[in-house]
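Okay, here's what each chain looks like letter by letter:
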Amino acid sequence: MKVVYKLALAGLFAAFLSACTAGGDPVDVKPIEHDSDWYSSVKQPSSSDGKSSAGDPSSSESGNGGERDSSIYNLLRWVEFQGGKAKVNSVEFSFSAYSVSATEVTQAAYAEAMGYMPDQPKDAPENPVVNVSWFDAVLFCNELSKSMGLDTAYVYSSVGAENYLQDLEIDYGVEAFRLATEIEWEIAAHGGTNTMFYWGTDKASDFVYYGQTSGPTRVGSYPPNPYGLFDMAGNVAEWVNDWYGTFPTKAMDNYTGATSGTARVVRGGGWSDPIKDCAPDVRAKKDPLYTAPTLGFRVVYSRGLL
């Protein structure tokens, strides 16, 4: 498994990091540093078969022929994973390439996409947006896809009260932005380590914003994991795509969760939780209409699950 780290802020890392997958296999992680205007000008090189790199939708042909507006996309930073295999809870999963936002979606990004803001503990553009339901997060993903000229992963017949989406279906084969699957999220959260927490036995409060009483803090305020992902533990818990169900016990390809259910999976723990609830393998479940000041989300870009 290879991870390419794309960061809009230069100078955080300068060398290779030696890490392990969740199953313990060694992997080299090389962060790539870029200056602050990189996203506005980058064009990914084409591969030998003429197809664009899987890591950046700004380089791909538009899925629906629409105009691109990268203003929302540019408010986030991205970490790219090439497809591969990893063990999660001792089960081997194969997965297709995807990119995940390096931070939780901020108030600024949410307002840019949606044109409004749910009630927040305080007006802080660089804080993670909270008080968003699973449906709110889904609608954000669709808006981001449309802004980049892509098709949408979420299809529905109508929007009801509290943004409930009637007759919702998820198209995992389309090139689009969406919430991470539970497996994609956990692979990213482990940061290539095989310990319970990516910081090992170091002091947790140096790495995680948890056990607090004053609400979320600015994204990226604490050190990233070895993959360059911030706040995969703490700050706010995060919606993921899957229905909550029994976790698989046998090898799976591109597992996307239970086929139906009543609750969606929440991962990562939030600012008010004890550290044990911030472990990457802890699973919580919430009604998809549930909102809380401890709950937000991050997003994934995928060219489709193969």
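What counts, and at which threshold
- Residues numbered from 1 in each chain as written.
- Predicted model: local features only at pLDDT ≥ 70, side-chain atom pairs only at ≥ 80, totals over all residues.
- Heavy atoms only, no water.
- Pairing = 2+ DSSP bridges.
- Helix = DSSP H or I, 4+ residues; strand = E, 2+ residues; numbered from the N terminus.
- Axes fitted to C-alpha atoms, helices over the stretch in contact; angles between N-to-C directions.
- Buried < 20%, exposed > 50% of the residue type's maximum accessible area, 1.4 Å probe, protein only.
- Arc of directions from axis to C-beta.
- Contact = heavy atoms within 4.5 Å.
- Expected span 1.5 Å × (residues − 1).
- Polar contact = N/O pair within 3.5 Å; in protein donor to acceptor, adjacent residues only side chain to side chain.

Caption draft 1: Region of the structure containing the sheet that holds strand β15 (residues 264–267). In spatial order, the strands read β16-β15-β13-β17; together these 4 strands make up an open sheet with mixed pairing. Since the sheet does not close on itself, it has two edges, and those belong to β16 (283–286) and β17 (295–297), each with one partner. Recorded for the sheet is a direction-independent mean angle of 50 degrees between the axes of neighbouring strands. For strand β13 (residues 237–243) and β15, the ladder comprises 3 bridges, and the chain directions are antiparallel. When the bridges of β15 are listed, Trp239 appears paired with Val266.

Caption draft 2: Structural context of helix α2 (residues 107–114). Among the residues of α2, Gln107, Ala109, Tyr110, Ala113 and Met114 are the ones counted as buried. The arc that holds the buried residues of α2, viewed along the axis, is 165 degrees, so those residues lie on one side. Looking at the buried residues of α2, the elements they touch are α3 (134–147) and β17.

Caption draft 3: Up close: α3. Over its 14 residues, α3 runs 20 Å from end to end, which matches the ideal 20 Å to within 8%, given 1.5 Å per residue. With respect to burial, α3 is a largely interior element, 12 of its 14 residues being buried. Turning to α3, its buried residues number three or more, namely Trp134, Phe135, Asp136, Ala137, Val138, Leu139, Phe140, Cys141, Asn142, Leu144, Ser145 and Ser147. The opening residue of α3 is Ser133, an N-cap whose side-chain oxygen sits 3.3 Å from the backbone nitrogen of Phe135. Two residues or fewer after α3 comes Gly149, characterised by a positive phi angle close to 75 degrees.

Caption draft 4: Summary view of the sheet that holds strand β5 (residues 84–88). Strands sit in the order β5-β6-β14 across an open sheet of 3 strands; the sheet is mixed. The sheet is open, and its two borders are formed by β5 and β14 (252–253), each paired with just one other strand. Bridge count between β5 and strand β6 (residues 91–95): 5 bridges; the pairing is antiparallel. Across the sheet, residue Lys85 finds its bridge partner in β6, namely Ser94.

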